[in-house]
Amino acid sequence: QVQLVESGGGLVQPGGSLRLSCAASGSIFSIYAMGWYRQAPGKQREVVAGIRSDGTTNYADSVKGRFTISRDNAKNTVYLQMNSLKPEDTAVYLCYSIIRAQSRDIMDYWGNGTLVTVSS
């Protein structure tokens, strides 16, 4: 079984920064991609950022230039550095990953989410 565990959420003032982490654990053979989604009240879940196994990254237009996604392959961990945070960034941030298990099955996994609140 594979698990994704997020950490790093919290309350921050506008203009502040947070660093989210997502660690994958379990029967992992390889990780094809990891990324972050977010969902705010009254809004649909949206892609924030992603990183592929080849290192290619993508960002939502709303966060481009402010957020940076990175990974530590040795730790099976992906990070999201969030700078210049705005109130509209307030949401539950969910980690997502496409993983090849040791059984050789390829599946997608979701973390439970970590709450980011940007407010003065």
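Residues numbered from 1 in each chain as written. Predicted model: local features only at pLDDT ≥ 70, side-chain atom pairs only at ≥ 80, totals over all residues. Heavy atoms only, no water.

Let us now look at the side chain of Glu6. Within the element layout of this structure, Glu6 appears in strand S1 (residues 2–7). For the buried Glu6, no salt bridge exists, and the shortest N-O distance to an oppositely charged side chain is 8.9 Å, to Arg45. Only 2.8 Å separates the side chain of Glu6 from the backbone nitrogen of Cys95, close enough to count as a polar contact. A polar side-chain atom of Glu6 sits 3.2 Å from the main-chain amide nitrogen of Asn112. Filtering out sequence-adjacent residues up to four positions away, Glu6 remains in contact with Ser21, Cys22, Trp36, Tyr93, Leu94, Cys95, Gly111, Asn112, Gly113 and Thr114. (Helix = DSSP H or I, 4+ residues; strand = E, 2+ residues; numbered from the N terminus. Buried < 20%, exposed > 50% of the residue type's maximum accessible area, 1.4 Å probe, protein only. Lys, Arg positive; Asp, Glu negative; His and termini not counted. Salt bridge = Lys/Arg side-chain N within 4 Å of Asp/Glu carboxyl O. Polar contact = N/O pair within 3.5 Å; in protein donor to acceptor, adjacent residues only side chain to side chain. Contact = heavy atoms within 4.5 Å.)

What follows concerns the sheet that holds strand S7 (residues 67–72). One open sheet holds the four strands; their spatial order is S1-S3-S8-S7, and the pairing between them is antiparallel. Strand pairing shows two members of the sheet lacking a second neighbour, S1 and S7, which therefore form its edges. Neighbouring strand axes in the sheet, compared pairwise and without regard to direction, differ in orientation by 15° on average. Pairing between S1 and strand S3 (residues 18–26): six bridges, direction antiparallel. Paired with Val5 across the two strands is Ala23, which belongs to S3. (Pairing = 2+ DSSP bridges. Axes fitted to C-alpha atoms, helices over the stretch in contact; angles between N-to-C directions.)

Right, let's get into the side chain of Ser21. Mapped onto the elements, Ser21 comes out in strand S3. A relative accessible area of 19% places Ser21 in the buried class. In contact with Ser21, not counting residues within four places along its chain, are Val5, Glu6, Ser7, Trp36, Thr77, Val78 and Tyr79.

In this section: the pattern of salt bridges. Counted by the stated rule, this structure contains four salt bridges. The salt bridge partner of Glu46 is Arg38, with a shortest N-O separation of 2.8 Å. For Glu46, a relative accessible area of 34% gives the class partly exposed. Residues Asp89 and Arg38 are paired through a salt bridge, measuring 3.0 Å at the closest nitrogen-oxygen approach. Of this pair, Asp89 sits in the loop between strand S8 (77–82) and strand S9 (91–101) while Arg38 sits in strand S4 (residues 28–39), and the two are 51 residues apart along the sequence. Neither residue differs from the other here; Asp89 and Arg38 are each classed as buried. One salt-bridge network, in which partners are shared between bridges, spans Arg38, Glu46, Arg66 and Asp89.

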